[in-house]
Amino acid sequence: MSLEGQVIIITGASSGIGKATAGVLSRTGMKCLLTGRSVEKLESLAATLGEAAVCAGDITDPQLPERLIATAQERFGRLDALFNNAGIMNIGSVEEADIEALCHMIRVNYEALVRMSYHALRFFRKQGRGFLINTSSLAGLKTFPRFGVYNGTKFAVEALTDSLRMELAGTGVRVAAVAPGRTRTHLFDHWPEDQRFDPADGMLDPEAIANAVRFVLEQPEDVAIPRMLVMPSRQPT
Ligand SMILES: NC(=O)c1ccc[n+]([C@@H]2O[C@H](COP(=O)([O-])OP(=O)(O)OC[C@H]3O[C@@H](n4cnc5c(N)ncnc54)[C@H](OP(=O)(O)O)[C@@H]3O)[C@@H](O)[C@H]2O)c1
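None of these values were measured; they are calculated from a predicted model.

Q: Explanation requested: unusual backbone geometry in the structure shown.
A: Across residues other than glycine, the phi torsion is negative in most instances, and most of the peptide bonds are trans. Even without glycine at this site, R146 takes up a positive phi of about 75°. The residue R146 is located in the loop between strand 5 (130-135) and helix 5 (148-167) in this model.

What follows is the structure in structure tokens.
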């Protein structure tokens, strides 16, 4: 199905998977409304895309979802899809983990995604069509030691996505998740050097995830891909 002329909101668009997805979808003729906190990064990305606009903000701001939906309509006159992708990754052992950082991650990775989803889905329900696609993770399907709270946020994204998919089946509103394995982005920049993943175990370029998002969105209306897991072939876990 052609995506040309459709409008998508992309959260976490200033970096990594969101940025790559903006590039891939823009090349299909989609118009992207980019959000994230880094205005300069978003604006320089927008300048490289076809039709794109920026509406910056902190994803934990409860006013942001309605502002994004209103901006999409003002700038482009329509809204067809939402890519709920903003996220952070804080991990650590029981003894060492920063509890405030973990709880902030719950707000970014899950509470904000819930708020964004419900506002967009109410809009999509009224117009009788729309596509919600969430970034989950391999860590939303299996757990790892020291990752428990991050795992929890991504298991929650998987649960919400599957519940909404069933609730909205047959309404014209489609819901899916893309679950990346290890991907070369800025997600781990704040991790200590000695705790980083070994590149020899494989790391995807973010474009691999962006291409999966495109594939899911391009399916004809009678086809659903509820979840797409995309991993480096060498990833051992
Ligand atoms: N990289 C991987 O291996 C991997 C694997 C599985 C799943 N994921 C998921 O992929 C998604 C994208 O992450 P990435 O890997 O592309 O990492 P990234 O390069 O660090 O990008 C994260 C994005 O989230 C945005 N963000 C973070 N906190 C925010 C906040 N408070 N308000 C608004 N935006 C915020 C950042 O924008 P600003 O800093 O400009 O606000 C940035 O655009 C996340 O949900 C992550 O959990 C990644």
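Q: In this structure, what is going on with the packing of aromatic side chains? I would like to understand it.
A: Between two aromatic rings, the relevant description is the distance of the centres plus the angle of the planes. The final tally for this structure, using the stated rule, is six aromatic pairs. A centroid spacing of 5.2 Å and a plane angle of 80° characterise the contact between F188 and F197, whose relative ring orientation is edge-to-face. Here a set of aromatic residues connected by ring pairs shows up, and it is made of F144, F147, F188, W191 and F197. Sitting over the face of the ring of F197, R182 holds its NZ or CZ atom 4.1 Å from the ring centroid.

Q: Could you clarify how one ought to interpret the sheet that holds strand 4 (residues 81-84) in this entry?
A: Within a sheet, neighbouring strands are paired by backbone hydrogen bonds and run either parallel or antiparallel to one another. Strand order in the open sheet formed by seven strands is 3-2-1-4-5-6-7, and the pairing between neighbours is parallel. One side of each edge strand has no neighbouring strand; the edge strands of this open sheet are strand 3 (52-54) and strand 7 (227-230). Ignoring which end each strand starts from, the neighbouring axes of this sheet average 15° apart. Across the sheet, helix 3 (residues 64-76) touches strand 1 (7-10), strand 2 (31-34) and strand 3, and the angle it forms with strand 2 is around 140°. Seen against the sheet, helix 5 touches strand 5, strand 6 (173-180) and strand 7 and runs at an angle of roughly 155° to strand 6.

Q: Explain the side chain of Q235 here, please?
A: Checked against the element boundaries, Q235 lands in the segment after strand 7. The buried category is assigned to Q235, whose relative accessible area is 10%. Only 2.9 Å separates the side chain of Q235 from the backbone nitrogen of R182, close enough to count as a polar contact. Every residue in contact with Q235, bar those within four places of it in the chain, is listed here: L138, G181, R182 and D201.

Q: Help me understand the environment of Q127 in this model?
A: Along the chain, Q127 turns up in helix 4 (residues 99-127). Judged by relative accessible area, which is 30%, Q127 ranks as partly exposed.

Q: Whenever I open this one, the site of the ligand confuses me. Can you help?
A: Of all residues adjacent to the ligand, which total 30 residues, the nearest are S15, R37, S38, Y150 and T185. With respect to the ligand, the backbone of N85 contributes an N or O atom lying 2.9 Å from an oxygen atom. Contact with the protein chains covers 94% of the free accessible surface of the ligand, which is 890 Å². When residues of the shell around the ligand are traced back to their parent elements, those giving at least two are helix 1 (16-27) and helix 5.

Q: Sorry if this is basic, but what is going on with the packing of helix 1 against helix 6 (residues 206-218) here?
A: A packed helix pair is summarised by two numbers, namely the angle formed by the two axes and the spacing between the axes. Between helix 1 and helix 6, whose axes approach to 8 Å, the crossing angle comes to 55°. When the axes of helix 1 and helix 6 are compared, the pair comes out oblique. For helix 1 against helix 6, the interelement crossing comes out right-handed. The residues of helix 6 that touch helix 1, namely those facing G16, I17, A20, T21, V24 and L25, are P206, E207, I209, A210, N211, V213, R214 and L217.

Q: Sorry if this is basic, but what is going on with helix 4 here?
A: The periodicity of an α-helix, 3.6 residues per turn, causes residues three or four places apart in sequence to face the same way. Helix length check: helix 4 (29 residues) gives 41 Å between terminal C-alpha atoms against 42 Å at 1.5 Å per residue, within 8%. Its axis deflected by about 30° at R107, helix 4 carries its strongest bend there. All of the buried residues in helix 4 are L102, M105, V108, N109, A112, L113, M116, S117, A120, L121, F123 and F124. Contacts from the buried residues of helix 4 go to strand 1, helix 3, strand 4, strand 5, helix 5 and strand 6. Measuring from the side-chain oxygen of the N-cap residue of helix 4 to the backbone nitrogen of E100 gives 3.0 Å; that N-cap residue is D98.

The rules behind these values
Residues numbered from 1 in each chain as written. Predicted model: local features only at pLDDT ≥ 70, side-chain atom pairs only at ≥ 80, totals over all residues. Heavy atoms only, no water. Helix = DSSP H or I, 4+ residues; strand = E, 2+ residues; numbered from the N terminus. Phe/Tyr/Trp six-rings, centres within 6.5 Å; stacked < 30°, edge-to-face > 60°. Lys NZ or Arg CZ within 6 Å of the ring centre and 35° of its normal. Pairing = 2+ DSSP bridges. Axes fitted to C-alpha atoms, helices over the stretch in contact; angles between N-to-C directions. Contact = heavy atoms within 4.5 Å. Buried < 20%, exposed > 50% of the residue type's maximum accessible area, 1.4 Å probe, protein only. Polar contact = N/O pair within 3.5 Å; in protein donor to acceptor, adjacent residues only side chain to side chain. Near = heavy atom within 4 Å. Areas by Shrake-Rupley, 256 points an atom, 1.4 Å probe, with all protein chains shown as cover. Parallel < 35°, antiparallel > 145°, perpendicular 65-115°, else oblique. Left-handed = near helix turned anticlockwise from the far one by under 90°. Expected span 1.5 Å × (residues − 1). Bend = angle between axes of the 7 residues up to and from the residue.

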